[in-house]
Amino acid sequence: MTQKRVYNFSAGPSTLPVPVLEKVAAQMLNYKDSGMSVMEMSHRSSSYLEIFNETKALLKKVLNIPDNYKILFIQGGATQQFSTIPLNLLKNGKADYIITGAFSKKAAQEAKKFGDIHIAYDGSVNNFKHIPTQDELDLREDASYVHLCANNTIYGTEWKYVPDTKGVPIVADMSSNILSKPIRVADYGMIYAGAQKNMGIAGLGVVIVREDLIQDHKENIPVLMEYNTIADNDSMYNTPPTFSIYVLGLVLEWIDSLGGLEVMQKKNQEKAQLLYDYLDQTDFYQTHSDADNRSIMNVIFTCPNKDLDAKFVKESIAAGMSNLKGHRSVGGIRASIYNAMSLEGVETLLAFMKKFEEENK
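Residues numbered from 1 in each chain as written. Predicted model: local features only at pLDDT ≥ 70, side-chain atom pairs only at ≥ 80, totals over all residues. Heavy atoms only, no water.

S.K.: Help me understand the overall build of the chain in this model?
M.R.: If you tally the helices and strands in the chain, you get 9 helices and 14 strands. Its C-alpha radius of gyration of 21 Å places the chain within 12% of the 21 Å reference for a compact globule of 361 residues. If you line up the chain on its principal axes, its C-alpha atoms span 65 × 55 × 30 Å. When burial is assessed residue by residue, the chain has 55% of its 361 residues classed as buried. As presented, the chain carries roughly 16,000 Å² of accessible surface, and 48% of it is formed by carbon and sulfur atoms. (Helix = DSSP H or I, 4+ residues; strand = E, 2+ residues; numbered from the N terminus. Rg over C-alpha atoms; globule rule 2.2 N^0.38 Å. Buried < 20%, exposed > 50% of the residue type's maximum accessible area, 1.4 Å probe, protein only. Areas by Shrake-Rupley, 256 points an atom, 1.4 Å probe, with all protein chains shown as cover.)

S.K.: Could you clarify how one ought to interpret the environment of E211 in this entry?
M.R.: You can see E211 is positioned in the loop between β10 (205–210) and α5 (227–232). On the basis of relative accessible area, E211 is assigned to the partly exposed category, the value being 30%. Note: C-alpha distance between E211 and Q109 (102 residues apart in sequence) is 26 Å. What E211 contacts, discounting residues up to four positions off in sequence, is D67, N68, Y69 and K70. (Contact = heavy atoms within 4.5 Å.)

S.K.: So what exactly am I meant to see when it comes to helix α8 (residues 306–318) here?
M.R.: Between its first and last C-alpha, α8 extends 19 Å over 13 residues, near the 18 Å set by a 1.5 Å rise per residue. Packed against the buried residues of α8 are β12 (298–302), β13 (321–322), β14 (333–336) and α9 (343–360). The distance from a side-chain oxygen at the start of α8 to the backbone nitrogen of D307 is 3.1 Å, and the residue carrying that oxygen is N305. (Expected span 1.5 Å × (residues − 1). Polar contact = N/O pair within 3.5 Å; in protein donor to acceptor, adjacent residues only side chain to side chain.)

S.K.: Looking at this model, I keep getting lost on the sheet that holds β12. Mind explaining?
M.R.: Hydrogen bonds between backbone groups are what pair the strands of a sheet, and the pairing can be parallel or antiparallel. Within the open sheet, the 3 strands sit side by side as β11-β12-β14. Their pairing is antiparallel. Single-partner strands in this sheet number two, and they are β11 (286–287) and β14. Contacting β11 and β12, helix α7 (residues 261–280) crosses the sheet at an angle of about 20° to β12. (Pairing = 2+ DSSP bridges. Axes fitted to C-alpha atoms, helices over the stretch in contact; angles between N-to-C directions.)

S.K.: It is not clear to me how the packing of aromatic side chains should be interpreted in this structure. Could you clarify?
M.R.: Think of a pair of aromatic rings as described by two things: how far the centres are apart, and how the planes are tilted against each other in angle. Following the criterion strictly, the structure yields 15 aromatic pairs and no others. An angle of 55° between the planes, with centres 5.2 Å apart, marks the rings of F243 and Y246 as tilted. Linking F243 with Y246, this pair stays in helix α6 (residues 242–258), spanning 3 residues, or about one helical turn. A relative accessible area of 17% places F243 in the buried class. (Phe/Tyr/Trp six-rings, centres within 6.5 Å; stacked < 30°, edge-to-face > 60°.)

S.K.: Would you take a moment to explain the environment of L349 for this structure?
M.R.: Relative to the elements of secondary structure, L349 occurs in helix α9. As for L349 and K106, which are separated by 243 residues in sequence, their C-alpha atoms are 32 Å apart. Setting aside residues up to four positions removed in sequence, L349 forms contacts with F9, L275, F312, M321, L324 and A335.

S.K.: Explanation requested: the packing of α7 against α9 in the structure shown.
M.R.: The angle between the axes and the distance between the axes are what describe a pair of packed helices. Packing of α7 against α9 leaves a shortest axis separation of 9 Å and a crossing angle of 10°. Classified by the angle their axes make, α7 and α9 are roughly parallel. In this structure, α7 contributes E270, K271, L274, L275, Y278 and L279 to the contact, and α9 contributes L343, V346, E347, L349, L350, M353, K354 and E357. When the residues that make up the contact of α7 with α9 are grouped by side-chain class, the tally is 9 nonpolar, no polar and 5 charged. (Parallel < 35°, antiparallel > 145°, perpendicular 65-115°, else oblique. Nonpolar A, V, L, I, M, F, W, Y, C, P; charged D, E, K, R; others polar.)

S.K.: Help me understand a nonpolar patch on the surface, please; the structure alone is not making it clear to me.
M.R.: Together, V223, L224 and Y237 line one region of the surface with nonpolar side chains, adding up to about 250 Å² of accessible area. Relative to the helices and strands, L224 resides in the loop between β10 and α5. (Patch = residues over 30% accessible without salt bridge, like charges linked within 9 Å, V, L, I, M, F, W, Y side chains within 5 Å. Salt bridge = Lys/Arg side-chain N within 4 Å of Asp/Glu carboxyl O.)

S.K.: I would appreciate a short explanation of the layout of surface pockets in the present structure.
M.R.: In this approach the atoms are scanned with a rolling probe the size of a water molecule, which exposes any empty space left behind. Its volume calculated, the largest pocket comes out at about 410 Å³. At the level of secondary structure, the elements contributing two or more residues to the lining of the largest pocket comprise β1 (7–8), α1 (18–27), α6 and α7. Counting residues per element, the lining of the largest pocket draws most heavily on α7, which supplies 5 residues. Tallied by class, residues from the lining of the largest pocket come to 12 nonpolar, 5 polar and 4 charged. Taken as a whole, the second largest pocket spans an internal volume of roughly 240 Å³. As for the second largest pocket, its lining consists of 16 residues, of which F103, T153, S175, Q196 and K197 are closest to the centre. Classifying every residue of the lining of the second largest pocket gives 4 nonpolar, 9 polar and 3 charged. (1 Å grid on protein atoms, 1.4 Å probe; cavity = no way out; pocket = protein on both sides within 12 Å on 5 of 7 lines; lining within 4 Å. Points joined across faces, edges and corners; volume = space filled by probe spheres on them.)

S.K.: Please explain the sheet that holds strand β4 (residues 116–122) as it appears in this structure.
M.R.: Spatial ordering of the open sheet is given by β2-β10-β9-β8-β5-β3-β4, a layout of 7 strands whose pairing is mixed. Of all strands in the sheet, those bounded by a partner on one side alone are β2 (69–74) and β4. Averaged over all adjacent pairs, the angle separating strand axes in this sheet is 15°, with direction ignored. Two elements, β2 and β10, share 6 bridges in a ladder whose sense is antiparallel. Among the inter-strand pairings, L72 is bridged to a residue of β10, identified as V207. Each of β2 and β10 touches helix α2 (residues 46–63); the most contacted strand, β2, lies at about 130° to it.

Printed below as a string of structure tokens:
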């Protein structure tokens, strides 16, 4: 690396593993002696199909996806799924949505265009500081599915348990914590994620869906939103986001080489604990989320006032860090510490936080 890289704490698109970036750079002009870049390949060529199939196989391995689930690679990121999900899965016209942040709220608003959407919990009354307990959920036994967002990037909260839905399939938006820890895929009817946080680069949506849920669909769904059509054509009904899938494959190779999701979880918990331990023992900074619901991916906190928040962000840039400004809904500081954020990066942030507090008490 000829130039110094900053520690990028962006919530997405986010920092990528340096070994992945180096491999992309090395293969950019000529992928494995093919004479061309991956960006130039036909998606039906033997060279690209090898990339595609290896990526699917690695995702299945790393996440331990059961055989009765389909893996779909779709353009439009996670947001397009806000419409696609009810179009395909709203079998009886009813679904329950658990609102714990901005994206689950947007998903519910979109789903209301297509059927009877019941809000099983709405955390807006406490500014989304909290993930509901089982007792706080008002779930219907006749819903087609229950939708939740597993990790909330804006508010720094994360689900620590899988709710009991009495057999109703759970549809989970895992855009910001997928691949950060082991999960039991069979606990969910469907998992979906935008790739640009923990999986790779923008432009790709990943869907992992139980086969029986997509065996049929309504006749009036736009063709590129029909899950079974996409599955039947192995995500190639049209040209898929080829380069984004390639990068996902490299990220999965990196995770697998380090020991898989158990290792990722240990590393991520260590990084988050460094920050939370310090935040818990200082009165200068205030965390946003309840202690029991804290995300290990997005650490949200504020300084004593907005002027100091702005000063913190400005001085952090000069100290070699970027994208620490909190979302406008919360303000303050947001440190997104996804898989690719190094321990050294978090230690650099922690040292800066301590120095900033000493200088601004």
